[in-house]
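# Residue-level structure breakdown
These are the residues of each chain, in order.
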Amino acid sequence: MARTAKPWYYQQTGWWMAWIDGKKVKLAEGKKNRKAAQDRLDELRYEAAHNPCPENSQQTVASVIERYIEVVFPRLAKGTTDCRTGYLQDFAEAHGWRLVSACRKDHMQQWLHSHPTWTSDWTKRSALRIVQGVFNWAADAEIIAKNPFRSIKQNAGPPRRDMTYAEFRAILRATATNRKRRPTPAARFRQVLIFLWFTGCRPIELARLRWSDIDLEQKVIVLRQHKTIKTQRTPKPRIIPLDPVVVKLLIHIRKRNEGELVFLTHQKTPWQRYNLGLRLRRARRKAGVPDEVKLYGVRHAFGTRAIVNGLDIKTLATLMGHETTTMTEHYLHLAGRRDFLAASMQLANGRRSSA
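The following refers to the structure shown. As the structure is a prediction and not an experimental result, all values here were calculated from the model. (Residues numbered from 1 in each chain as written. Predicted model: local features only at pLDDT ≥ 70, side-chain atom pairs only at ≥ 80, totals over all residues. Heavy atoms only, no water.)

## Quick look at a positive patch on the surface
On the surface, a cluster of positive charge is contributed by Arg281, Arg282, Arg285 and Lys294. Here Arg285 lies in helix α10 (residues 273-287). (Patch = residues over 30% accessible without salt bridge, like charges linked within 9 Å, V, L, I, M, F, W, Y side chains within 5 Å. Areas by Shrake-Rupley, 256 points an atom, 1.4 Å probe, with all protein chains shown as cover. Salt bridge = Lys/Arg side-chain N within 4 Å of Asp/Glu carboxyl O. Lys, Arg positive; Asp, Glu negative; His and termini not counted. Charge placed at Lys NZ, Arg CZ, Asp CG, Glu CD. Helix = DSSP H or I, 4+ residues; strand = E, 2+ residues; numbered from the N terminus.)

## Things to note about the nonpolar core
In terms of nonpolar packing, the biggest core is built from 38 residues, with Phe195 and Phe263 touching the most fellow members. Where this core is concerned, the elements lending two or more residues are α6 (165-174), α7 (187-199), α8 (203-208), β5 (220-223), α9 (244-254), α10 and α11 (296-308). Once residues within four sequence positions are removed from consideration, Phe195 is found in contact with Cys201, Leu206, Leu209, Ile221, Val246, Leu249 and Phe263. (Core = buried A, V, L, I, M, F, W, Y, C linked by side-chain atoms within 4.5 Å. Buried < 20%, exposed > 50% of the residue type's maximum accessible area, 1.4 Å probe, protein only. Contact = heavy atoms within 4.5 Å.)

## Considerations on the environment of Arg104
Mapped onto the elements, Arg104 comes out in the loop between α3 (78-95) and α4 (105-113). Residue classification places Arg104 among the partly exposed positions, given a relative accessible area of 47%. Placed 44 residues apart in sequence, Arg104 and Pro148 show a C-alpha to C-alpha distance of 6.2 Å.

## Things to note about the side chain of Ser63
Along the polypeptide, Ser63 turns up in helix α2 (residues 61-71). Separated by 2.9 Å, the side chain of Ser63 and the backbone oxygen of Thr60 make a polar contact. (Polar contact = N/O pair within 3.5 Å; in protein donor to acceptor, adjacent residues only side chain to side chain.)

Structure (structure tokens):
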């Protein structure tokens, strides 16, 4: 007879744990919280006992999310699954026990507004669309009758804008060496900024970049695993030509000989979304740059800069790793750039801009 799972304390992390379905699950943090750990384990057992199989007509929120993760996640890139997992887990913790047939729009709205740290409309819209996507998939797969959250809308808010050159320079100064010319922990983030500015790469591409992806002699990066490879009819690698500034930067980094990953923090750990965001927040504060300036704004700036300098949209789509020009056109949001449009009108009429 199988033994019943019991909480056990993991000294190394400070968490009470339990084995559930062959997986280690966190229950409660702190050695004194054994009772809280046991209560959480009882909750998980209850959820497991009341979690219907996919063939059952009465699905819970948790059962739909679990089925989605089981079936859809293997087809997605790791960066995509990492982004979605946190939102889905949070929604399951709030409403996982609820039958899908009993879900109402206000349940979703209450969940969105229960997170005070989600201050931007963009963040709330991303969370909403991720959860909506799960139930759209479940309805299409006939696991549930309909998506109870389909018609809910959330304003996207203002689009994330370019990081301006002045803001980029200010943040670079804020991440420079100290007065004794010694590299600071932020100096490695400075290398991240320079690389992103001159390549237009996604931050996640930088974080996973390996030396085996780089040919310094040919001055090119070849990414065989990238965001759009699973959506391409004929999978092909993403090619990123290297600017001389980037080549020089990579040669300098290579001298450290710290392992397979190219970019590491000062603690010799991989860059993640949270520590990139933390470094940017500190640099923004030190540089006096507005909070609306985001790391992805460096990529926006690369695309806009390329168009302003005369690069055609199709070539730019290739450089930025877009499968079609549709995403590139949306990405650049040039409609509000009056200076660029005015210069373009001059060129269209056979005149050179005086600027």
